[in-house]
Amino acid sequence: GLPSDKQHDEPAVVFSTLLLIVWVGSVVVTVNAKLLGGSVSFFQNICLLGYCVAPLILATALCMMIRITMPDQYHSCGPGANTLCQGGVCKDPANLTVNIGARCQGWSDHDSCIGDGKCNTVHIGWGNVAVRLSVATAGMTWSLRSSLGFLSEVMTPQRRALAAYPVCLFFASITWLIMIRTS
């Protein structure tokens with residue numbers, strides 16, 4: 001069927017929120033740099049921060065691919081906590097088919113196993129989260145190095161840390177959004 005209005009509007013809300021955070025964050029960082037006596041123009045700094053978001057966009061794409069290809073939760077499919085749904089059948093740790101009466105429909109679907117009351121115990125796999133966190137942190141580090149390299153050129157040495165703090169918060173908030181939206 002057609003998506004409800006709430007489902008239909010969700011991408012627009014996410015995009016609008018991200019755009020607002022990027023613009024407000026850029027303005028705050030730029031005004032802070034100007035107030036600290038930096039020799040940077042307003043639009044030059046906004047443009048720079050816009051380009052420095054590119055590694056985070058790449059990190060978002062990678063996190064989305066990781067989220068699709070690597071499960072973060074497993075539904076057990078039979079007797080025992082280590083019995084998982086693999087390829088539409090229930091397999092134990094030795095890769096033997098168990099719980100013959102149950103069928104499973106996938107690794108991430110609630111009620112993924114049919115025919116047994118013990119099928120739907122959820123087990124968390126933290127590998128997905130750790131890999132996505134590593135990718136998002138690498139993107140944030142790349143963005144920070146790019147922007148702070150420029151910022152250090154236009155700020156006096158005594159005020160570089162004061163100018164760097166809002167930049168770090170800016171990229172950390174975007175990284176936090178990446179982790180939330182790709183989970």
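Residues numbered from 1 in each chain as written. Predicted model: local features only at pLDDT ≥ 70, side-chain atom pairs only at ≥ 80, totals over all residues. Heavy atoms only, no water.

Moving on: the overall build of the protein chain. Broken down by element type, the protein chain carries five helices and six strands. Sorting the 183 residues of the protein chain into buried and exposed places 35% on the buried side. Taking as baseline every contact in the protein chain between residues at least 6 positions apart, the subset at least 24 positions apart corresponds to 63%. Only carbon and sulfur atoms are counted for the fraction: they give 67% of the accessible area of the protein chain, which is about 11,000 Å². (Helix = DSSP H or I, 4+ residues; strand = E, 2+ residues; numbered from the N terminus. Buried < 20%, exposed > 50% of the residue type's maximum accessible area, 1.4 Å probe, protein only. Contact = heavy atoms within 4.5 Å. Areas by Shrake-Rupley, 256 points an atom, 1.4 Å probe, with all protein chains shown as cover.)

Right, let's talk about the side chain of Asn-45 for a bit. Take Asn-45: it is sitting in helix H2 (residues 42-52). With near-sequence residues (within four places) excluded, Asn-45 lies in contact with Val-29, Thr-30, Ala-33, Val-40 and Phe-150.

Okay, the packing of aromatic side chains next. Evaluation of the coordinates by the stated rule reveals two aromatic pairs. Relative to Phe-43, the ring of Phe-42 lies with its centre 5.3 Å away and its plane at 85°, an arrangement referred to as edge-to-face. We classify Phe-42 as partly exposed; its relative accessible area is 31%. Residue classification places Phe-43 among the exposed residues on the basis of a relative accessible area of 66%. (Phe/Tyr/Trp six-rings, centres within 6.5 Å; stacked < 30°, edge-to-face > 60°.)

Turning our eyes to something else, we now look at the nonpolar core. With 28 residues, the main nonpolar core has Leu-151, Met-155, Phe-170, Phe-171 and Ile-174 as its most contacted residues. The set of elements that each furnish at least two residues to this core consists of helix H1 (5-35), H2, helix H3 (54-69), helix H4 (127-154) and helix H5 (160-181). Apart from the residues lying within four places of it in its own chain, the contact partners of Met-155 are Ala-33, Leu-36, Gly-38, Arg-160 and Ala-163. (Core = buried A, V, L, I, M, F, W, Y, C linked by side-chain atoms within 4.5 Å.)

All right, on to the environment of Ile-178 then. Residue placement: Ile-178 occurs in helix H5. Residue Ile-178 is classed as buried on the basis of its relative accessible area, which comes to 5%. On a C-alpha basis, the gap between Ile-178 and Ala-59 in space is 8.1 Å, while along the polypeptide they are 119 residues apart.

What follows concerns the environment of Val-29. Mapped onto the secondary structure, Val-29 falls in helix H1. Relative accessible area serves as the criterion here: at 2%, Val-29 is assigned to the buried category. A C-alpha to C-alpha distance of 9.7 Å links Val-29 and Phe-42, two positions 13 residues apart in sequence. Beyond its immediate sequence surroundings of up to four residues, Val-29 is in contact with Asn-45, Leu-49, Pro-166, Val-167 and Phe-170.

Time to look at H2. By the burial criterion, the buried members of H2 are Asn-45, Ile-46, Leu-48, Leu-49 and Cys-52. In an axial view of H2, the angular spread of the buried residues amounts to 160°, which keeps them on one side of the axis. Seen from the open side of H2, the exposed residues pointing more than 90 degrees away from its buried face are Phe-43 and Tyr-51. (Arc of directions from axis to C-beta.)

Quick look at the confidence of the model for the protein chain now. Considering every residue of the protein chain, the mean pLDDT works out to 77; 67% of them sit at 70 or more. Confidence drops under pLDDT 50 across residues 105-112; counting only partners more than four residues distant or on other chains, this segment forms 22 contacts. (pLDDT = per-residue confidence, 0-100.)

Here we take up the environment of Val-22. Summarising the element assignment, Val-22 is placed in helix H1. The spacing of Val-22 and Ile-46 is 24 residues in sequence and 9.5 Å in space, taken between C-alpha atoms.

We now examine a nonpolar patch on the surface. Side chains of Phe-15, Leu-19, Trp-23, Val-27, Val-31, Leu-35, Phe-42 and Phe-43 sit close together on the surface and give an oily, nonpolar patch of about 840 Å² of accessible area. With six residues, H1 is the largest single contributor of residues to the nonpolar patch. With respect to the secondary-structure elements, Val-31 resides in helix H1. Classification of Val-31 as partly exposed rests on a relative accessible area of 37%. (Patch = residues over 30% accessible without salt bridge, like charges linked within 9 Å, V, L, I, M, F, W, Y side chains within 5 Å. Salt bridge = Lys/Arg side-chain N within 4 Å of Asp/Glu carboxyl O.)

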